[in-house]
Amino acid sequence: MTFEDLNIKRPVLNALSDMGLVTPTTIQERAFSVVMSGCDVIGIAQTGTGKTLAYLLPCLRQWTFTKDTAPQILILVPTRELVVQVVEQVKKLSAYMSVRVEGVYGGGNINTQSAQIEAGLDVLVATPGRLIDFLLRGTLKTKSIKHLVIDEVDEMLTLGFRPQLTTILDLLPKKRQNLMFSATMSDEVESLISVFFNHPTKIEAAPTGTPLENIEQTGYAVPNFNTKVNLLEMLLSDATVFSKVLVFAATKKLADALYEKLALQFPETIGVIHSNKDQSYRFRSVNNFKDGSFRVLIATDIIARGLDISDVTHVINFDVPDVPENYIHRIGRTGRYDKRGIAITFITPSESENQAAIEGLMKFAIPMLELPEDLEISTVLSHDEIPEIKMPFGKSRTPKSEAKGPAFHEKSKKNQKVNVKVRHSEKMRAKYGKPKKRKPKEGK
Ligand code: AMP
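Right, let's walk through the structure included here. (Residues numbered from 1 in each chain as written. Predicted model: local features only at pLDDT ≥ 70, side-chain atom pairs only at ≥ 80, totals over all residues. Heavy atoms only, no water.)

**Thoughts on the overall build of the chain**
Along its length, the chain carries 17 helices and 14 strands. Across the 444 residues of the chain, 48% fall into the buried class. Summarising the internal contacts of the chain: among those between residues at least 6 apart in sequence, 75% fall at separations of at least 24. (Helix = DSSP H or I, 4+ residues; strand = E, 2+ residues; numbered from the N terminus. Buried < 20%, exposed > 50% of the residue type's maximum accessible area, 1.4 Å probe, protein only. Contact = heavy atoms within 4.5 Å.)

**Considering helix H2 (residues 26-36)**
Looking at H2, one finds that the buried residues are Ile27, Gln28, Ala31, Phe32, Val34 and Val35. The inward-facing, buried residues of H2 abut strand E1 (41-44), helix H3 (51-62), strand E6 (177-182) and strand E7 (201-204). Just beyond H2, the residue with positive phi is Gly38, at close to 95°.

**Quick notes on the pattern of salt bridges**
The tally for this structure, following the rule as stated, stands at 11 salt bridges. A salt bridge links Lys51 to Asp151, with the nearest nitrogen and oxygen atoms 2.9 Å apart. In this pair, Lys51 sits in helix H3 while Asp151 sits in the loop between strand E5 (147-150) and helix H7 (153-158), placing the two residues 100 residues apart along the sequence. Across the pair, exposure class does not vary: Lys51 and Asp151 are buried alike. With a shortest N-O distance of 3.8 Å, Lys143 and Asp68 are connected by a salt bridge. Placement of the pair is Lys143 in the loop between helix H6 (128-137) and E5 and Asp68 in the loop between H3 and strand E2 (73-76), with a sequence separation of 75 residues. (Salt bridge = Lys/Arg side-chain N within 4 Å of Asp/Glu carboxyl O.)

**Observations regarding the environment of Ile273**
Relative to the helices and strands, Ile273 resides in strand E10 (residues 270-273). Remark: the alpha-carbon pair of Ile273 and Lys252, spanning 21 residues in sequence, is separated by 8.5 Å. Here Ile273 is in contact with Glu81, Arg282, Ser285, Val286, Leu297, Ile298, Ala299, Thr300 and Ile303, once residues within four sequence places are set aside.

**A short note on the pairing of strand E8 (residues 215-221)**
Within E8, five of the seven residues are buried, leaving the element largely enclosed by the surrounding structure. Note that E8 and strand E13 (residues 341-347) share seven bridges and pair parallel. Of the residues in E13, the one forming a bridge with Gly219 is Thr345. Judged from the two bridges that link them, E8 and strand E14 (residues 368-369) form a sheet pairing that is parallel. Paired with Tyr220 across the bridge in E14 is Leu369. (Pairing = 2+ DSSP bridges.)

**Some details on unusual backbone geometry**
Phi is positive for Glu152, close to 55°, though the residue is something other than glycine. Along the chain, Glu152 turns up in the loop between E5 and H7. Judged by relative accessible area, Glu152 falls into the buried class, the value being 3%. The residue His199 is not glycine, and still its phi comes out positive at about 35°. Here His199 lies in the loop between helix H9 (187-196) and E7. A relative accessible area of 73% places His199 in the exposed class.

**Focus on the packing of aromatic side chains**
One pass over the full model with this rule turns up five aromatic pairs. Taking the centre distance of 6.0 Å and the plane angle of 70° together, the rings of Tyr105 and Phe283 count as edge-to-face. Linking Tyr105 in the loop between strand E3 (101-104) and helix H5 (110-119) with Phe283 in helix H12 (residues 279-290), this pair joins segments that are 178 residues apart in sequence. Among the aromatic residues, those joined into a ring-pair cluster are Tyr220, Phe225, Phe318 and Phe346. Here the guanidinium or amino end of Lys277 rests over the ring plane of Tyr281, the centre of that ring lying 5.1 Å away. (Phe/Tyr/Trp six-rings, centres within 6.5 Å; stacked < 30°, edge-to-face > 60°. Lys NZ or Arg CZ within 6 Å of the ring centre and 35° of its normal.)

**Quick notes on the environment of Lys51**
Lys51 gets classed as buried once you look at its relative accessible area, which sits at 3%. Each C-alpha atom, one on Lys51 and one on Gln28, is 6.7 Å from the other, the two residues being 23 residues apart in sequence. Contact partners of Lys51, with chain neighbours within four places excluded, come to Ile27, Ala45, Gln46, Asp151, Glu152 and Phe181.

**Considering the nonpolar core**
Counting 41 residues, the largest nonpolar core has Ile8, Leu16, Leu57, Ile75, Val123 and Val125 as its most contacted members. Residue contributions to this core peak at seven residues, all from H3. When sequence neighbours within four positions are dropped, the list of residues in contact with Val125 reads Ile75, Val77, Val83, Val86, Val87, Val101, Glu102, Gly103 and Val104. Within the second largest apolar cluster, 31 residues are counted, among which are Leu76, Phe134, Ile150 and Val189. (Core = buried A, V, L, I, M, F, W, Y, C linked by side-chain atoms within 4.5 Å.)

**Looking at the sheet that holds E5**
Taken in spatial order, the seven strands make up an open sheet running E3-E4-E2-E5-E6-E1-E7, and their pairing is parallel. Both edges of this open sheet fall to E3 and E7, since each of them pairs with a single strand only. Going from strand to strand, the sheet's axes swing by 15° on average, the running direction of each strand aside. Where E5 meets E6, four bridges bridge the pair, whose relative direction is parallel. Bridging from a neighbouring strand, Leu148 pairs with Asn178 of E6. (Axes fitted to C-alpha atoms, helices over the stretch in contact; angles between N-to-C directions.)

**Quick look at H3**
The terminal C-alpha atoms of H3, which comprises 12 residues, lie 18 Å apart, in line with the 16 Å expected from a rise of 1.5 Å per residue. In terms of burial, H3 is a largely internal element, 10 of the 12 residues being buried. Of all the positions in H3, only Lys51, Thr52, Leu53, Ala54, Tyr55, Leu56, Leu57, Pro58, Cys59 and Leu60 are classed as buried. (Expected span 1.5 Å × (residues − 1).)

So, in structure tokens, the structure goes:
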């Protein structure tokens, strides 16, 4: 089957051909007729499966030209990077149509975005918080919205966007088609669907937890954090093989620390991205990585989720994610569509439980590799790895200090003073040789 077999109009077929796309992916094929039928849809699909086009193709097929300035299609995504990415896809797909598309997100200039909305548009891509700003200001007219897409809904719920989603769903016109895409079908996603959706049809790209087949997964059992750093440096020093590498770190702090360390060794070719970095820095880092000026990008889960960067040769998990699904998302950044990719995970003994949970989800054991012979095994433990000595009553024991010899300098007279409580009677005796009574207080 090719895109020509779907009921797609010529301008979009031409755009698809310009994009070099011929055959629809499973989710695109499955979604098209279901979305066209007008029913609510819940699509279970990870990024990398072609899910963006899966909802864009039928939505644009149903779009009709009007003079109205309000949008017909509203797409909600969790991050600013995804706003930009989806806007780009809409632009490419509608290259031969008169569709106006805008993206709005927190951190961008609200007045500029306001003016863009007021100028008129057909498709609006937004993050939830910023969309609410526009709904409450009355800038965005909702009456024309016919299709609402909520992309990466599981991620939005993880990020705590449920109240915003509820507000948005309440504010939108009731008569609309809801399309929701999620990589996983969690209880939270189910509960959101049951409240707001009208018997949605479920379509799946691949069963949840199935890693894409073109990703070669491997792991290294590494004794500790510092050895992980050595291993990472060693792997990255082969710039020919490791030519476009996404390194995942569990926290922003760790991402920054790794960046500082690696930037010394690989100056100018490495970037870092996480939610504490300002927007222009984030865009710059991603763009530099996309166009190849950065060979390595260090990222946290939230930011890298959903990013569509082509030709990533390796994903390196510096740590094992404690949410098993995140592993699937991380490794899905490589092996995009029909390209091969390699995912390498560094696993310390304390992370073996997380590893087991991931392997259980995938029903696949990550093949382990021998550590390279010339790898420097560090014996220096990081702060978090130093075992805590537990007291029976729960307090950690402070190590006994060794008996100390005299200080280098004698203490000054003043500092030698020890606070000793001296009773008044003793003071009097020392002064007068006999006890002296205090004067009785007045009135006594
Ligand atoms: P997505 O899952 O929407 O993030 O898309 C992942 C990548 O797959 C994007 O770079 C798309 O351009 C690409 N892609 C989407 N659909 C197709 C298709 N039918 N054939 C080839 N590549 C595709």
